[in-house]
Amino acid sequence: MQQSLLLPTLFLGFYFSSGCVSKQSSQAPIDYGLKYSQKNFQAMPGALPLRPFRSGLIKLSPELDAQKPLAQADFAGWVAANNYLIGSPEPKWIAAYLLPHIKPSWWLQAPDDLTAPPKVSGNQLLLGFRDGSLWNVNLKTGQPTWKQKISSFATREMRLLGNTLLIVTANQTLYALNSENGSIKWIYDAKKSETLSIHNTSAPTVYKKMIFFGLSSGEVAAVDFKTGEGIWSHSPAFSDSRFHDAIGEIMAIDTIIITARFDGIISAINIDKPKKEVGSWKSPKKISSITAAKFRHGRFYVGTHNGFIHAFNPRTGQELWKSQIGTSINNISTGESNLYVSASDGRICSLDSNTGKIIWHDQVEGNVVGKPLYINRNIFFQTGLNVFYGYKL
């Protein structure tokens with residue numbers, strides 16, 4: 001007997017008026033039910049597990065999705081926090097919607113496009129734009145509380161600790177701002193020439209009163225959190241690859257940090273003596289080009305351009321398992337015991353974090369961009385067409 005499941009799906013159409021700073025929807029959100037039948041599910045090559053039922057579907061631009069144009073990359077993506085969904089549905093516009101019904105709350109005209117994920121802390125919404133503007137916006141009203149302009153635009157997620165906002169820019173400069181008023185506390189210039197680099201969405205790592213972030217040269221810089229003074233800059237290995245950028249999270253544990261670079265090099269650095277060999281990490285690991293990295297469950301996970309996920313013991317450097325997804329990995333996220341992996345062609349997989357075994361997979365319509373959202377024990381993956389596919393955690 002054929003089985004089907006009724007899925008909650010939210011659609012919301014937006015209507016724009018030229019010359020207006022605010023945008024209003026002409027109708028309330030409409031809930032639809034979509035049926036997905038196991039009869040229509042397609043197994044991937046190699047008889048991988050079939051996909052689960054999707055727990056939700058959100059379309060912020062249904063007309064755009066219906067046309068299926070070539071979607072542009074959204075490096076900033078969307079965030080879900082404090083019962084709001086915040087992002088940029090249109091160039092140079094920021095919008096906030098109330099969850100769970102995706103009800104419009106406010107619109108804000110921006111000076112340029114977002115280049116970093118919006119950052120939410122309490123009632124603060126921190127935004128970074130391509131023209132170098134930084135705005136602090138009241139999350140409930142959408143009104144800016146302060147504005148600042150820096151030398152270049154933020155290229156990755158911002159880090160907020162206390163009232164210190166850390167921002168890494170495209171010209172490899174680290175800024176520390178006071179998040180309450182936007183004043184600049186200090187600036188660290190890595191003094192590296194501005195070169196073409198791989199986009200990295202992860203925020204700088206703060207550990208033992210030091211800030212660690214990767215440079216396009218393959219080096220890792222260590223900076224004093226309080227003063228902004230450089231402590232050291234070190235490249236753990238040399239390769240003749242065109243790109244050497246650090247990818248994903250820089251992991252800190254005990255007295256070492258672990259970095260994964262686009263050129264496939266994974267290495268450990270002693271934070272007190274960066275040139276000193278680190279136990280069993282005497283030689284850096286070398287795998288295929290790395291496109292994602294994540295620390296969780298006491299393991300360091302990396303994804304590669306040729307579709308593999310590797311799990312390493314961060315203390316010993318031992319590879320614990322390797323699993324093949326089949327296409328270039330662009331994000332690794334975690335649940336309580338599983339990994340959730342998205343690939344560039346719209347493939348999404350859930351893996352057992354202990355063994356690397358694939359639990360389920362799905363294929364969505366469009367390229368997956370940005371980081372996934374966690375909403376009410378569901379994980380949502382965004383495509384470049386502003387469609388979000390949800391799955392139960």
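Chemist: Could you give an account of the sheet that holds strand S15 (residues 184-189), with specific residues and numbers?
Modeler: Read from one edge of the open sheet, four strands run S12-S13-S14-S15, paired in antiparallel fashion. Looking along the sheet, the strands with just one partner apiece sit at the ends: strand S12 (159-161) and S15. Along the sheet, successive strands turn relative to each other by an average axial angle of 15 degrees, direction set aside. The pairing of S12 with strand S13 (residues 164-168) spans three bridges and is classified as antiparallel. Paired with leucine 161 across the bridge in S13 is threonine 164.

Chemist: So what about unusual backbone geometry? Which residues, and what values?
Modeler: For the peptide bond that leads from leucine 99 to proline 100, omega is 10 degrees, which places it in the cis range. Examined against the element boundaries, proline 100 turns out to sit in the loop between strand S6 (93-98) and strand S7 (103-109). Even without being a glycine, lysine 209 presents a positive backbone phi close to 60 degrees. With respect to the helices and strands, the residue lysine 209 is situated in the loop between strand S16 (205-207) and strand S17 (210-214). Classification of lysine 209 by relative accessible area gives exposed; the value is 70%. Backbone geometry places histidine 297, a non-glycine residue, at a positive phi of 60 degrees. One can find histidine 297 in the loop between strand S24 (290-296) and strand S25 (299-304).

Chemist: Outline the sheet that holds strand S30 (residues 347-352), listing residues and values.
Modeler: Strand order in this open sheet of four strands is S28-S29-S30-S31, and the pairing throughout is antiparallel. Of all strands in the sheet, those bounded by a partner on one side alone are strand S28 (329-334) and strand S31 (358-363). Between one strand axis and the next, the sheet turns by 15 degrees as a mean value, whatever way the strands run. Pairing analysis gives five bridges linking strand S29 (residues 338-343) to S30, with the strands arranged antiparallel. Residue asparagine 338 lies in a different strand from S30, and its bridge partner there is aspartate 352.

Chemist: How would you sum up the packing of aromatic side chains? Please name residues and give values.
Modeler: All told, the structure shown has 11 aromatic pairs when counted by the stated rule. A ring pair is formed by tyrosine 97 and tryptophan 107, whose centres lie 6.3 Å apart and whose planes are at 90 degrees; its orientation type is edge-to-face. One end of the pair, tyrosine 97, is in strand S6; the other, tryptophan 107, is in strand S7, and 10 residues separate them in sequence. Tyrosine 97 gets classed as buried once you look at its relative accessible area, which sits at 0%. Classification of tryptophan 107 by relative accessible area gives buried; the value is 10%. Considering the side-chain rings of tyrosine 340 and tryptophan 360, the 6.3 Å spacing of their centres and the 50 degrees angle between planes classify their relative orientation as tilted.

Chemist: Lay out the environment of glycine 370 with the relevant residues and their values.
Modeler: By the secondary structure assignment, glycine 370 is in strand S32 (residues 368-375). Overall, the relative accessible area of 27% leaves glycine 370 in the partly exposed class. Spatially, the C-alpha atoms of glycine 370 and tryptophan 78 are 7.3 Å apart, while their sequence positions differ by 292 residues.

Chemist: Please provide a residue-by-residue account of the pattern of salt bridges, values included.
Modeler: Applying the stated criterion to the full structure yields six salt bridges. Lysine 119 serves as the salt-bridge partner of glutamate 157, at 3.7 Å between the closest nitrogen and oxygen. Here glutamate 157, found in the loop between strand S11 (144-149) and S12, pairs with lysine 119, found in strand S8 (residues 119-121); they are 38 residues apart in sequence, far enough to count as distant. Each of the two residues, glutamate 157 as well as lysine 119, counts as buried. The closest approach of N and O atoms between glutamate 249 and lysine 294, which form a salt bridge, is 3.6 Å. Pair noted here: glutamate 249 is in the loop between strand S19 (230-234) and strand S20 (251-253) and lysine 294 is in strand S24, with a separation of 45 residues, a long-range link.

The rules behind the values
- Residues numbered from 1 in each chain as written.
- Predicted model: local features only at pLDDT ≥ 70, side-chain atom pairs only at ≥ 80, totals over all residues.
- Heavy atoms only, no water.
- Pairing = 2+ DSSP bridges.
- Helix = DSSP H or I, 4+ residues; strand = E, 2+ residues; numbered from the N terminus.
- Axes fitted to C-alpha atoms, helices over the stretch in contact; angles between N-to-C directions.
- Buried < 20%, exposed > 50% of the residue type's maximum accessible area, 1.4 Å probe, protein only.
- Phe/Tyr/Trp six-rings, centres within 6.5 Å; stacked < 30°, edge-to-face > 60°.
- Salt bridge = Lys/Arg side-chain N within 4 Å of Asp/Glu carboxyl O.

What is shown is where atoms sit, not what they do.
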